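Understanding the architecture of this molecule
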Amino acid sequence: MNVQFKKGVLELIVLESVRQRDMYGYELVEEVSRVVDVNEGTIYPLLKRMTNERYFETYLRESSEGPPRKYYHITAAGILYRDSLEKDWNEFSRKVSAFLEEQRREER
């Protein structure tokens, strides 16, 4: 997948994933990777920035598999931002699809 496409939609995918349920970092890497190929080096800086922007709150939860895990919880600001991104994404993808379809019709 084109790197620029990934960058453009990554925040929306992360916000939607955490909106569904609180998640810890590596869990988010796995969830997002189901949609776009990403690694920890991409997700953790994004989570830090989005937490600084108050789209997420964090808390620690004990883990039976090692040290406590930092979980991410979406805030009200995060939900509003996610909704805005979804609206933008839907409009963008609709316009691009319409343009491509129009171009195909003109080729015929």
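Placed above this text is the structure.
If you're wondering where the values come from, they're calculated on a predicted model, not measured in any experiment. (Residues numbered from 1 in each chain as written. Predicted model: local features only at pLDDT ≥ 70, side-chain atom pairs only at ≥ 80, totals over all residues. Heavy atoms only, no water.)

**As for the environment of R82**
Test applied: By the criteria applied, helices consist of DSSP H or I runs no shorter than four residues and strands consist of E runs no shorter than two, each listed in order from the N terminus. Accessibility here uses a 1.4 Å probe with only protein chains present; expressed as a share of the type maximum, an area under 20% marks a residue as buried, one over 50% as exposed, and anything in between as partly exposed. Residue contacts follow a heavy-atom distance rule, with two residues in contact if any of their heavy atoms lie within 4.5 Å.
Relative to the helices and strands, R82 is located in helix α4 (residues 76-107). Its relative accessible area of 7% is what places R82 among the buried residues. Residues R82 and I13, spaced 69 residues apart in sequence, show a C-alpha to C-alpha distance of 8.9 Å. If we ignore the near neighbours within four places in the chain, the residues touching R82 are L12, L15, E16 and R19.

**Quick look at the packing of aromatic side chains**
The cut-off we apply is this: Any Phe, Tyr or Trp ring, taking Trp's six-membered ring, that has another such ring centre within 6.5 Å forms a pair; planes under 30 degrees apart are called stacked, those over 60 apart edge-to-face, and the others tilted.
Counting across every chain of the model gives 5 aromatic pairs. Taking the centre distance of 4.4 Å and the plane angle of 5° together, the rings of Y55 and Y81 count as stacked. Residue Y55 is located in the loop between α3 (40-52) and β2 (56-63), and its partner Y81 is located in helix α4; the two are separated by 26 residues in the primary sequence. Assessed through its relative accessible area of 16%, Y55 is described here as buried.

**Remarks on the side chain of T51**
Heads up, the condition is: Under this definition, polar contacts are N or O atom pairs within 3.5 Å; protein pairs additionally need one hydrogen-donor-capable and one acceptor-capable atom, and for neighbouring residues in sequence, both atoms have to be side-chain atoms.
Locating T51 in the fold gives a position in helix α3. Separated by 2.7 Å, the side chain of T51 and the backbone oxygen of L47 make a polar contact. Those residues within four positions of T51 in sequence are excluded, and the remaining contacts are F56, T58 and Y72.

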